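A look at the structure
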Amino acid sequence: MWGGRFSARPDALMQAINVSIGFDRRLAEQDLAGSRAHAAMLRKQGVISSEDEAAIQKGLEAVGREMAEGAFPFRDEFEDIHMNVEARLAELIGPVAGRLHTARSRNDQVALDFRLWVREAFDRTLEQLRGLQRALLAKAEANAETLMPGFTHLQPAQPVTFGHHLMAYVEMFGRDASRFADARRRMNESPLGAAALAGSPFPIDRHATAQALGFDAPMANSLDAVSDRDFALEALAAGAICATHLSRLAEEIVVWMTPQFGFIRLSDSFTTGSSIMPQKKNPDAAELVRGKAGRALAAFTQLTMVMKGLPLAYSKDMQEDKVPTFEAFDSLEISLAAMTGMIADLEPVPERMAAAAGAGFSTATDLADWLVRRLDLPFRQAHHLTGAAVKRAEALGVDLAELPLAELQALDPAITADVYEVLTPAASAASRKSYGGTAPDQVRAQVARWKEMLK
């Protein structure tokens with residue numbers, strides 16, 4: 001490759017650290033797409049002849065077939081995907097293959113290929129997120145009235161419905177989707193034609209190649225075009241947040257499946273057994289989703305560290321951008337698929353959820369609210385009286401709904417028997433009718449809203 005300037009081959013160690021075909025072969029399809037667009041533009045601009053372009057396009061088609069059939073000879077000696085394609089093209093069509101590299105550099109070529117790959121990863125992830133949201137919506141709609149405890153500090157707080165709980169994740173994954181979509185719009189500019197760093201003296205048409213490759217426009221600064229990896233950093237940042245949301249939901253599935261909770265069941269499709277304990281049914285799919293979040297978080301940190309000290313324009317450090325990005329999206333893809341499967345598969349255990357929904361004096365806030373509405377007490381005073389009622393119920397070993405009226409009236413004589421209407425978990429959940437609340441009608445309204453948005 002460097003025969004005109006170098007008189008000796010690189011040291012074996014230099015070759016080992018420098019070669020990237022082991023991982024950037026994943027950019028083969030994108031590399032061919034960029035080459036096809038570039039060749040067509042060169043011919044249209046009169047930089048190469050129609051005959052040369054026809055030969056190049058025919059050769060690229062043959063290379064693509066070899067790759068599809070698994071017959072392409074990837075070789076370390078040619079270092080990366082770009083030179084592997086060019087070398088094979090030369091073997092197939094002869095010296096005319098060398099005209100393809102006119103007015104471009106591997107710097108803008110790899111920036112293009114990687115950008116195309118990330119754009120496709122965005123599209124796959126967005127589709128998977130929609131699938132996960134639809135699975136959550138179906139389960140939420142079926143459980144709009146299924147009671148469960150709502151927690152703060154993992155302590156019983158107030159009764160909610162299982163449908164409402166699942167809809168919280170629909171919102172989270174909706175924000176994830178918006179981050180991916182927003183980043184996709186921002187990165188949809190083409191670096192092709194920036195060449196090594198300064199642009200090209202040839203009469204190229206960068207708008208034409210941008211349009212041919214589905215970009216909105218060419219990047220406006222050639223230095224930025226070859227050195228920018230913001231698009232990958234944004235992709236990894238959005239992926240890290242999404243993986244964190246997946247991990248939170250996975251953690252809840254793990255907790256809910258314990259015998260101590262017993263809120264849900266998963267079938268054999270998403271659980272495993274133990275080699276020594278025959279009774280075990282482990283939520284391994286959820287645990288692996290939870291564990292894989294670390295890869296996405298690490299990938300963002302890794303690429304940030306690569307980029308943070310680089311002067312303009314391209315440096316070889318940037319070869320380290322691909323592996324963490326590939327690995328992060330591989331992990332995210334299988335995690336989204338597994339979570340979608342688990343959500344569709346899991347079945348709630350309503351009786352266990354309902355029993356837990358009333359535990360820990362979870363309707364205490366409802367008592368305080370009743371004292372404010374009915375007795376016109378300041379909330380702080382109602383809060384104090386309710387705390388005293390909880391203390392008394394705890395001493396008697398009963399729940400608030402079982403606390404005798406005489407005990408409540410000892411705290412405030414104005415309390416009437418009507419108070420018991422709000423002290424059941426079902427009544428508590430049904431009363432939360434404010435927008436975004438847990439009342440079943442509110443849950444159904446949010447399900448309908450999201451169904452319309454996901455059409």
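Worth saying up front: this structure is predicted, and the values here are computed from it rather than measured. (Residues numbered from 1 in each chain as written. Predicted model: local features only at pLDDT ≥ 70, side-chain atom pairs only at ≥ 80, totals over all residues. Heavy atoms only, no water.)

1. Some words on the packing of helix 11 (residues 284–307) against helix 12 (residues 322–345)
In contact at an axis separation of 9 Å, helix 11 and helix 12 are set at 155° when each is read in the N-to-C sense. Taken together, helix 11 and helix 12 sit at an angle that is classed as roughly antiparallel. Here helix 11 runs over helix 12; the crossing is left-handed. Residues A285, A286, V289, K292, R295, A296, A299, Q302 and L303 of helix 11 form the contact with helix 12, whose participating residues are P324, T325, A328, S331, I334, S335, A338, M339 and M342. In terms of residue class, the contact of helix 11 with helix 12 is made up of twelve nonpolar, four polar and two charged. (Axes fitted to C-alpha atoms, helices over the stretch in contact; angles between N-to-C directions. Helix = DSSP H or I, 4+ residues; strand = E, 2+ residues; numbered from the N terminus. Parallel < 35°, antiparallel > 145°, perpendicular 65-115°, else oblique. Left-handed = near helix turned anticlockwise from the far one by under 90°. Contact = heavy atoms within 4.5 Å. Nonpolar A, V, L, I, M, F, W, Y, C, P; charged D, E, K, R; others polar.)

2. Side note on the pairing of strand 2 (residues 155–161)
Summarising the sheet, strand 1 (residues 147–152) and strand 2 pair through six bridges and their orientation is antiparallel. Each residue of the ladder has a partner; that of G150, found in strand 2, is Q158. (Pairing = 2+ DSSP bridges.)

3. A short note on helix 5 (residues 81–93)
Between its terminal C-alpha atoms helix 5 stretches 18 Å, which fits the 18 Å expected from 13 residues at 1.5 Å a residue. Every buried residue belonging to helix 5 is among I81, H82, M83, N84, V85, A87, R88 and L89, and all of these are buried. Buried-residue contacts for helix 5 involve helix 2 (21–24), helix 3 (28–44), helix 4 (50–68) and helix 6 (106–142). After helix 5 finishes, the residue G94 shows a positive phi value of roughly 90°. (Expected span 1.5 Å × (residues − 1). Buried < 20%, exposed > 50% of the residue type's maximum accessible area, 1.4 Å probe, protein only.)

4. Some points on the side chain of Q109
Along the chain, Q109 turns up in helix 6. The class for Q109 is buried, based on a relative accessible area of 2%. Not counting residues up to four positions away in its chain, the partners in contact with Q109 are D31, S35, H82, H101 and R104.

5. Examining unusual backbone geometry
Between L312 and A313 the backbone carries a cis peptide bond, its omega angle lying at 10°. With a phi close to 60°, L154 is a non-glycine residue in the positive phi region. Using a relative accessible area of 59% as the deciding quantity, one classes L154 as exposed. Positive phi, normally seen in glycine, also occurs at A195, with a value near 60°. Its location among the elements puts A195 in the loop between strand 3 (189–190) and helix 8 (206–212).

6. What to know about the packing of aromatic side chains
As enumerated under the stated definition, the model contains eleven aromatic pairs in all. Between F151 and F261, the aromatic rings sit 6.1 Å apart at their centres with planes inclined by 50°, giving tilted as the arrangement. Remark: F261 occurs in the loop between helix 10 (230–257) and strand 5 (264–265) and F151 occurs in strand 1; sequence separation between them is 110 residues. The exposure class of F151 is partly exposed, given its relative accessible area of 27%. A network of ring pairs unites the aromatic residues F114, W117, F122, F180, F231, F326 and F329 as a single cluster. It is R25 that lies over the ring of F74; its NZ or CZ is 4.0 Å from the centre. The ring of F215 has R119 sitting right over it, with the charged end atom 4.6 Å from the ring centre. (Phe/Tyr/Trp six-rings, centres within 6.5 Å; stacked < 30°, edge-to-face > 60°. Lys NZ or Arg CZ within 6 Å of the ring centre and 35° of its normal.)

7. Some details on the nonpolar core
With 90 residues, the main nonpolar core has L136, F180, L246, I253, I264, M339 and I343 as its most contacted residues. Per element, the largest residue contribution to this core is 15 residues, and it comes from helix 10. The next biggest cluster of nonpolar side chains, apart from the first, holds 19 residues, and it includes F361, L371, A382 and V390. (Core = buried A, V, L, I, M, F, W, Y, C linked by side-chain atoms within 4.5 Å.)

8. Overview of the pattern of salt bridges
Summed over all chains, the structure comprises 32 salt bridges. Of the charged contacts, one joins E61 and R65 as a salt bridge, the two residues approaching to 3.4 Å between their closest N and O atoms. Highlighted residues: E61 and R65, both in helix 4, separated by four residues, approximately one helical turn. R65 sits in the partly exposed class, given a relative accessible area of 44%. Among the ionic contacts, a cluster of salt bridges with common partners joins E66, R75, R88 and E91. (Salt bridge = Lys/Arg side-chain N within 4 Å of Asp/Glu carboxyl O.)

9. Quick look at the environment of L132
Its location among the elements puts L132 in helix 6. Overall, L132 belongs to the buried group, its relative accessible area being 0%. Along the sequence, L132 and G341 sit 209 residues apart, while their C-alpha atoms lie 8.4 Å from each other.

10. Looking at a negative patch on the surface
A grouping of E189, D216, D224 and D230 is seen on the molecular surface, where their side chains present a negatively charged patch. The topology assignment puts D230 in helix 10. (Patch = residues over 30% accessible without salt bridge, like charges linked within 9 Å, V, L, I, M, F, W, Y side chains within 5 Å. Areas by Shrake-Rupley, 256 points an atom, 1.4 Å probe, with all protein chains shown as cover. Lys, Arg positive; Asp, Glu negative; His and termini not counted. Charge placed at Lys NZ, Arg CZ, Asp CG, Glu CD.)

11. Side note on the side chain of T438
As for its placement among the helices and strands, T438 is situated in the loop between helix 17 (425–431) and helix 18 (440–453). Only 2.9 Å separates the side chain of T438 from the backbone nitrogen of T161, close enough to count as a polar contact. In contact with T438, not counting residues within four places along its chain, are P159, V160, T161, H164, A429, R432 and V443. (Polar contact = N/O pair within 3.5 Å; in protein donor to acceptor, adjacent residues only side chain to side chain.)

12. Description of the environment of F114
Of note, F114 is situated in helix 6. Take F114: its relative accessible area is 0%, and that puts it in the buried class. Measuring from C-alpha to C-alpha, the distance between F114 and A62 comes to 22 Å, with 52 residues separating the pair along the chain. Apart from residues lying up to four places away in sequence, F114 is in contact with L27, R229, F231, A232, D321, K322, T325 and F326.

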